[in-house]
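Chain by chain, the residues:
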Amino acid sequence: MTPRYPLSGLRVLELGGLAPGPFCGLLLANWGATVLRIDRPGPSPTGDLLTSHKASIALDLKSTKSRTILLSLIPKADILIDPFRPGVLEKLDLDPQTVLLKANPELIVVRLTGFRRDGKYSTLAGHDINYLAVSGVLSLLGPRKAAPSPPQNLLADFAGGGLAAFSGVLLALIHRQASGQGQIVESNMVDGVSYLATFPRLLTKHHIGIGERGTNTFDGGCPYYMCYECKDKGKYMAVGSMEPQFYAELLQGLGIRPDGAVPGGLD
């Protein structure tokens, strides 16, 4: 029997963008939604890697004919993913409030930006590292007495961006089920990644996270919560023995006496 995924039957229009927008579309597709990606016309297919389980068409939204095609799809759509900077859809005469929701009052439009839509950086371009920096989260990452180090583009693009937007869509679907009304879901990567860092920021007021970067329990300053290079060079082992019973097993396995390990033990 073919499993029925929870988002089966939903129709999504994904305006082609980079990283967070396509990831939001991928999550929707993976849970059963039918996703149609709308790319810009070009000599070759999109180079995006996040296209699994999606269909695609090419439309030049600066063209009246292409906009007419897009608008013909809106009444049958459930979700539209807007990955553009503030003002782009409005300049294309595709204002979500006055055009798209008017054409389909049940439509959910998720608008995903990097910086806040109404902030002082709203018109600026940026990448994951810039959103991390503005959020303040970048300052928490990296080794001691060195420059902050971003973990690829996982945090702002994918966690604080695409995944946060996906969560917003799910909440809007619940609201629509009760009210029958669609809505505009505003999401930005600065606020998304800042929210993700709630716990690490709270730890800066706690004894296990009050030190400078790279000296705390979870950021590389703790010998029983760290990565170690193995004898076969280039490979590493991750150690996370936080609880007393696991710490005791770690010492036993290494043949180390408790009083010869970490001064103060697990304090």
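Residues numbered from 1 in each chain as written. Predicted model: local features only at pLDDT ≥ 70, side-chain atom pairs only at ≥ 80, totals over all residues. Heavy atoms only, no water.

In the nomenclature of an unreviewed UniProt entry, the protein chain corresponds to Alpha-methylacyl-CoA racemase from the organism Cladophialophora immunda. What UniProt states about the protein chain under its Sequence similarities (unreviewed entry) heading is, verbatim, "Belongs to the CoA-transferase III family." (UniProt positions renumbered as here; feature names shortened; annotations may be inferred.)

Go over the overall build of the protein chain, please, and point to the residues and values.
Secondary structure summary: the protein chain contains nine helices and eight strands in total. Considering only C-alpha atoms, the protein chain reaches an extent of 75 × 55 × 45 Å along its principal axes. Counting the 267 residues in the protein chain, one finds 37% classified as buried. Pairs at least 24 residues apart make up 60% of the contacts formed inside the protein chain by residues separated by at least 6 positions. (Helix = DSSP H or I, 4+ residues; strand = E, 2+ residues; numbered from the N terminus. Buried < 20%, exposed > 50% of the residue type's maximum accessible area, 1.4 Å probe, protein only. Contact = heavy atoms within 4.5 Å.)

For the sheet that holds strand β5 (residues 108-113), give the residues involved together with the corresponding values.
Two orientations exist for strands paired in a sheet by backbone hydrogen bonds: parallel and antiparallel. Taken in spatial order, the six strands of this open sheet run β3-β2-β1-β4-β5-β6, and their pairing is parallel. In the strand order of this sheet, the two ends are held by β3 (54-58) and β6 (183-188), each with one partner. Shown here is a sheet whose adjacent strand axes are inclined to one another by a mean of 20 degrees, direction ignored. With respect to the sheet, helix α2 (residues 64-73) is in contact with β1 (11-15), β2 (34-39) and β3, its orientation differing from that of β1 by roughly 155 degrees. (Pairing = 2+ DSSP bridges. Axes fitted to C-alpha atoms, helices over the stretch in contact; angles between N-to-C directions.)

Give a detailed account of the state of the cysteines, specifying residues and quantitative values.
Under the criterion given, the structure shown has zero disulfides. Lacking any disulfide linkage, Cys-227 is separated from the closest cysteine sulfur, that of Cys-230, by 9.7 Å. What makes Cys-230 partly exposed here is its relative accessible area of 25%. (Disulfide = S-S within 2.5 Å.)

Let's hear about the domain arrangement of the protein chain: which residues, and what values?
Taken as a whole, the protein chain is organised into domain 1 (11-198) and domain 2 (225-260). Each of domain 1 and domain 2 has a C-alpha centre, and the two are 42 Å apart. (Domains from an automatic or database assignment.)

Break down the nonpolar core for me, with residues and values.
Of all hydrophobic cores here, the largest spans 25 residues; its most connected members are Leu-7, Val-12, Leu-28, Ile-79, Ile-81 and Leu-173. Elements that contribute at least two residues to this core include exactly α1 (20-30), β4 (79-82), β5 and α6 (154-179). Apart from residues lying up to four places away in sequence, Leu-7 is in contact with Leu-28, Trp-31, Gly-32, Ala-33, Phe-166, Leu-170 and Leu-173. (Core = buried A, V, L, I, M, F, W, Y, C linked by side-chain atoms within 4.5 Å.)

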